[in-house]
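# Results of the structural survey
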Amino acid sequence: MNIIIIEDEKPAARLLHRKVEKMGLKVVTLLHSVEESVQWFQNNVHPDLIFLDIQLSDGLSFEIFESIDIKSAVIFTTAYDEYALRAFKLNSIDYLLKPIDEEDLEAAVNKFKARNSVTPNLSLDFDMIKRMLVNPIDRTFKRRFTIKMGQQLKMIPIEEVECFYSENKGTYLHTFDNRNYLLDTTLEQLETELDPNDFFRVSRKFIIPMKGIKEIQIYSNSRLKVVLPTFNEDEVIVSREKVTDFKNWLG
């Protein structure tokens, strides 16, 4: 596997270089700017994997993709907050928060290897990611849900939501007064509509609000269990790969 690192802070680039090669992987080159990267891609065979910092000395690294049709997989290295990271998650893009931990680095590379063997040509919507990163203040979030009940419509404010969950291919809203409502949407779509400061997707099955957390318990296999005020139809487990992000969200 051939790898390049694009990072404008040279000490950080060299440190990541050492960590990657410590894993027995080959780093082809270190690049430090948009201009340098574009020139390199124009004249060299593209690598299997790129470690890419978002903010480079001469602009956002997304500008590289505007100039070059890059086929490589990408793992972002970033200090951005949870809201910006949502852009990566929705596009199945891996990211590493600075300072980069060696265990997180190894996990990201292993995830790339496993996924690449199944879907080697993952299509990424860099335009959407750029918009989310550059214009976060332009985003508006869902404040209420309209539920059809027979011949009537019921309005549920976002403040009344205890959790969202999926079950039997359906998506449900559960309220603090212990009622369930079927929604005409998916958890994936809800992720784009909810304020990430208030809501977190703890697993493939659940999205929970900060205000809905009654208790957090240590669970098996390095996972966490969240107890909600009224929801008791299933255990709300924070999946192992989301535990770190969940703790950062709580903090």
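Starting afresh in each chain, residues are numbered from 1 along the sequence in its written order. Given that this is a predicted model, residues contribute local features only at a pLDDT of at least 70 and side-chain atom pairs are listed and counted only at 80 or more, while totals for whole chains, interfaces and linings are drawn from all residues. For side-chain calculations, the full set of non-hydrogen atoms in the structure is used, while hydrogens and water are omitted.

### Brief notes about the overall build of the protein chain
Counting from the N terminus, the helices are DSSP H or I runs at least four residues long and the strands are E runs at least two residues long. Each helix and strand counted, the protein chain has eight helices and 17 strands in total. Note on exposure labels: buried denotes an accessible area under 20% of the residue type's maximum, exposed denotes more than 50%, and partly exposed covers the range between, all computed with a 1.4 Å probe on protein chains only. Sorting the 251 residues of the protein chain into buried and exposed places 44% on the buried side. Contact criterion: two residues are considered in contact whenever any of their non-hydrogen atoms come within 4.5 Å of each other. A fraction of 53% describes how many contacts in the protein chain between residues 6 or more apart in sequence connect residues 24 or more apart. Of the roughly 13900 Å² of accessible surface on the protein chain, a fraction of 45% belongs to carbon and sulfur atoms. Working definition of accessibility: Shrake-Rupley area with a 1.4 Å probe, residue cover restricted to the visible protein chains.

### What about a nonpolar patch on the surface?
Distance thresholds for patches are 9 Å for like charges and 5 Å for nonpolar side chains (Val, Leu, Ile, Met, Phe, Trp, Tyr), applied to residues having over 30% relative accessible area and no salt bridge. Each reported salt bridge corresponds to a side-chain nitrogen of Lys or Arg within 4 Å of a carboxyl oxygen of Asp or Glu. On the surface, a nonpolar cluster with roughly 210 Å² of combined accessible area is contributed by Met-210, Ile-216 and Leu-250. Here Met-210 lies in the loop between β14 (206–209) and β15 (215–218).

### Here's the deal with a negative patch on the surface
Just so you know, the count uses Lys and Arg for positive and Asp and Glu for negative, and it drops His and the chain ends. In plain terms, the charge of a residue is placed at NZ if it is Lys, CZ if Arg, CG if Asp and CD if Glu. The grouping of Asp-101, Glu-103, Asp-104 and Glu-106 at the surface amounts to a negative patch. Mapped onto the elements, Glu-103 comes out in helix α5 (residues 102–116). Given the relative accessible area of 64%, Glu-103 is considered exposed.

### What to know about the sheet that holds strand β17 (residues 236–238)
Backbone-to-backbone hydrogen bonds pair the strands of a sheet. The strands run either parallel or antiparallel. Strand pairing is assigned whenever DSSP detects at least two bridges linking the two strands. Ordered in space as β15-β16-β17, the three strands form an open sheet in which the pairing is antiparallel. Strand pairing shows two members of the sheet lacking a second neighbour, β15 and β17, which therefore form its edges. Each adjacent strand pair in this sheet contributes to an overall mean axis angle of 30°, direction not counted. Inspection of the sheet shows strand β16 (residues 224–227) paired to β17 by three bridges, in the antiparallel sense. Looking at the pairing, Leu-224 lines up with Val-238 of β17. Across the sheet, helix α8 (residues 243–250) lies against β15, β16 and β17, angled at about 45° from β16, the strand it touches most. Convention adopted: a line fitted to C-alpha atoms gives each axis, helices being fitted over their contacting stretch, and angles between N-to-C directions are expressed from 0 to 180 degrees.

### Overview of α8
Among the residues of α8, those classed as buried are Val-243, Asp-245, Phe-246 and Trp-249. For α8, the angular spread of the buried residues around the axis is 160°, confining them to a single face. Here the arc refers to the directions that run from the helix axis out to each C-beta atom.

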